[in-house]
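The chain contents come next:
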Amino acid sequence: MKNKSLVSISDYSREEILRILELAAEFEQQPRQDLLKGKVVASLFFEPSTRTRLSFESAIQQLGGSVIGFASADTSSVRKGESLKDTILTVSNYSDLIVMRHPVDGSARYASEVSPVPIVNAGDGANQHPTQCLLDLYSIKKTQGRLEGLDVAFVGDLKYGRTVHSLVIALTQFNARFHLVSPPELKLPSAVKRYIKEAKLEYYQYTDLNEVIPNCDILYMTRIQRERFPDPLDYEKVKNSYNLNNQMLANSRPNLKVLHPLPRVNEINVDVDSNPKAYYFEQALNGVYVRQAIVASILGLK
Ligand code: CP
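Residues numbered from 1 in each chain as written. Predicted model: local features only at pLDDT ≥ 70, side-chain atom pairs only at ≥ 80, totals over all residues. Heavy atoms only, no water.

**Considerations on the sheet that holds strand β9 (residues 257-259)**
Part 1: Strand order across the open sheet formed by 5 strands is β7-β6-β5-β8-β9, with parallel pairing between neighbours. Two strands bound the open sheet, and with one partner strand each, they are β7 (203-206) and β9. The average angle at which neighbouring strand axes cross in this sheet is 20 degrees, direction not considered.
Part 2: Both strand β6 (residues 177-181) and β7 contribute to a ladder of 4 bridges, which runs parallel. By the bridge assignment for β7, L180 is matched with Q205. (Pairing = 2+ DSSP bridges. Helix = DSSP H or I, 4+ residues; strand = E, 2+ residues; numbered from the N terminus. Axes fitted to C-alpha atoms, helices over the stretch in contact; angles between N-to-C directions.)

**A closer look at helix α7 (residues 190-198)**
Part 1: Those residues of α7 not exposed but buried are V192, K193 and I196. Within α7, the buried residues cover an arc of 100 degrees as seen down the axis, which keeps them to one side. Away from the buried face of α7 by more than 90 degrees, exposed residues S190, K197 and E198 are located.
Part 2: Where α7 terminates, the next one or two residues include K200, which has phi positive at roughly 60 degrees. (Buried < 20%, exposed > 50% of the residue type's maximum accessible area, 1.4 Å probe, protein only. Arc of directions from axis to C-beta.)

**Here's the deal with the domain arrangement of the protein chain**
By convention, interface size is frequently given as the accessible area that disappears when the constituent parts associate.
Part 1: Here the protein chain is partitioned into domain 1 (9-128 + 287-298) and domain 2 (130-284).
Part 2: If you average the C-alpha positions of domain 1 and of domain 2, the two centres end up 24 Å apart.
Part 3: Facing 32 residues of domain 1, the contacting portion of domain 2 comprises 27 residues.
Part 4: Each partner contributes to the roughly 2400 Å² buried at the junction of domain 1 and domain 2, and carbon and sulfur atoms together form 60% of this total. (Domains from an automatic or database assignment. Contact = heavy atoms within 4.5 Å. Buried area = accessible area lost by both parts, 1.4 Å probe.)

**Brief notes about the site of the ligand**
Part 1: As a structural note, the neighbourhood of the ligand is formed by S49, T50, R51, T52, R101, H129, Q132, P261 and L262.
Part 2: Separating an oxygen atom of the ligand from a backbone N or O atom of T50 is a distance of 2.8 Å.
Part 3: Against a free-state accessible area of 250 Å², the protein chains account for coverage of 91% of the ligand.
Part 4: Two domains each put at least three residues into the shell around the ligand: domain 1 (9-128 + 287-298) and domain 2 (130-284). (Near = heavy atom within 4 Å. Polar contact = N/O pair within 3.5 Å; in protein donor to acceptor, adjacent residues only side chain to side chain. Areas by Shrake-Rupley, 256 points an atom, 1.4 Å probe, with all protein chains shown as cover.)

**Some thoughts on the packing of aromatic side chains**
Part 1: For the structure shown, the criterion picks out 6 aromatic pairs.
Part 2: Ring centres of F46 and F70 lie 5.3 Å apart, and the angle between their planes is 80 degrees; on these two criteria the pair is classed as edge-to-face. Here F46 is found in the loop between β1 (40-45) and α2 (51-62), whereas its partner F70 is found in strand β2 (residues 66-70), with 24 residues between them in sequence.
Part 3: The interplanar angle of 65 degrees and the centroid separation of 5.4 Å between the aromatic rings of Y280 and F281 together place this pair among those described as edge-to-face.
Part 4: What makes Y280 buried here is its relative accessible area of 1%. (Phe/Tyr/Trp six-rings, centres within 6.5 Å; stacked < 30°, edge-to-face > 60°.)

**Examining the sheet that holds strand β4 (residues 119-124)**
Part 1: One open sheet holds the 4 strands; their spatial order is β2-β1-β3-β4, and the pairing between them is parallel. Because the sheet does not close on itself, it has two edges, and the strands there are β2 and β4. Taken pair by pair, the neighbouring strands of this sheet meet at an average axis angle of 15 degrees, ignoring direction.
Part 2: Note: β1 against β2, 5 bridges, orientation parallel. Each bridged residue has a counterpart across the sheet, and for L44 the counterpart in β2 is F70.

**Some thoughts on the nonpolar core**
The nonpolar side chains of soluble globular proteins are, as a tendency, buried together.
Part 1: With 58 residues, the main nonpolar core has I17, L134, L137, F154 and F178 as its most contacted residues.
Part 2: At 8 residues, helix α10 (residues 280-298) tops the list of elements feeding residues into this core.
Part 3: Taken together, domain 1 (9-128 + 287-298) and domain 2 (130-284) each give at least three residues to this core, which thus spans both.
Part 4: Y206, I213, C216 and Y242 belong to the second-largest nonpolar core, a separate cluster that totals 21 residues. (Core = buried A, V, L, I, M, F, W, Y, C linked by side-chain atoms within 4.5 Å.)

**Some details on the packing of helix α1 (residues 14-29) against α10**
Part 1: Close contact between α1 and α10 brings their axes to 8 Å; oriented N to C, the two are set at 115 degrees. For the crossing formed where α1 meets α10, the hand is right-handed. Contacts between α1 and α10 pair I20, L23, A24, F27 and E28 from the former with Y289, V290, Q292, A293, I294, A296 and S297 from the latter.
Part 2: Residue composition of the contact of α1 with α10, grouped by class: 9 nonpolar, 2 polar and 1 charged. (Left-handed = near helix turned anticlockwise from the far one by under 90°. Nonpolar A, V, L, I, M, F, W, Y, C, P; charged D, E, K, R; others polar.)

**Here's the deal with the state of the cysteines**
Part 1: Tallied over the entire structure, the rule returns 0 disulfides.
Part 2: Not engaged in a disulfide, the cysteine C133 finds its nearest cysteine sulfur in C216; these two sulfurs lie 18 Å apart.
Part 3: Using a relative accessible area of 0% as the deciding quantity, one classes C133 as buried. (Disulfide = S-S within 2.5 Å.)

And the structure:
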């Protein structure tokens, strides 16, 4: 993984994924170290973020590294018309690694092709979010004691949900059964379903959330993302499709955990937060250890 960009979760083999999870568990035991002393990581966020940006920054600073960058394209020279290529070539002069979030699908791959330093994709449009995927896998393994053979339900925006795309692809390496719950307009794209088919795994499609709750180990809720809809009227039609509440979890499996990449809007009622099956805030904390593992391994320090 040394000096290798992380653009799509399919860039990592099963062994590489497991190695990151193993390293993350080590960092969870000892998150404050001097491992990144003298290293500079650039954090370029052309799109809003709370968890990804701040957990990367916390991860790096806890390891003694420095962070430079911007949290919005508005404060960079992109606003003056600078191209992504020129931005990447410039920032690579100042840093050892670039973490980038960008609204355009494929922008992270393009950046990795022009950059002399490794690129870590922190989300590119509706395409991929591989570091979220690794922290999701870490959370699943930590709560279920295994990754193999789980029933995983994905709920909400499966069409534009980059976290869903990455996690589905990764779980095809671990023999998951996929329960796909969405409005008809927001079904999982066929390009992602192809990974499930090629792995000869089963998937089932639903519109009713109540149907899957008793039969899954992981309930992966997602937000219907207003910002991805070309027509705002189409968003209005589906925005209230799902609202998970505590009572709906009554007949769920004892080991069930509710995950969500966050932010949430209205798809999980706040009454779920106090249920021991709710795991989304711990999931966000796991992002620090997993991102420490990703940065340390790409910089060849682990
Ligand atoms: N999960 C996630 O990507 O959250 P942010 O948009 O807050 O970074």
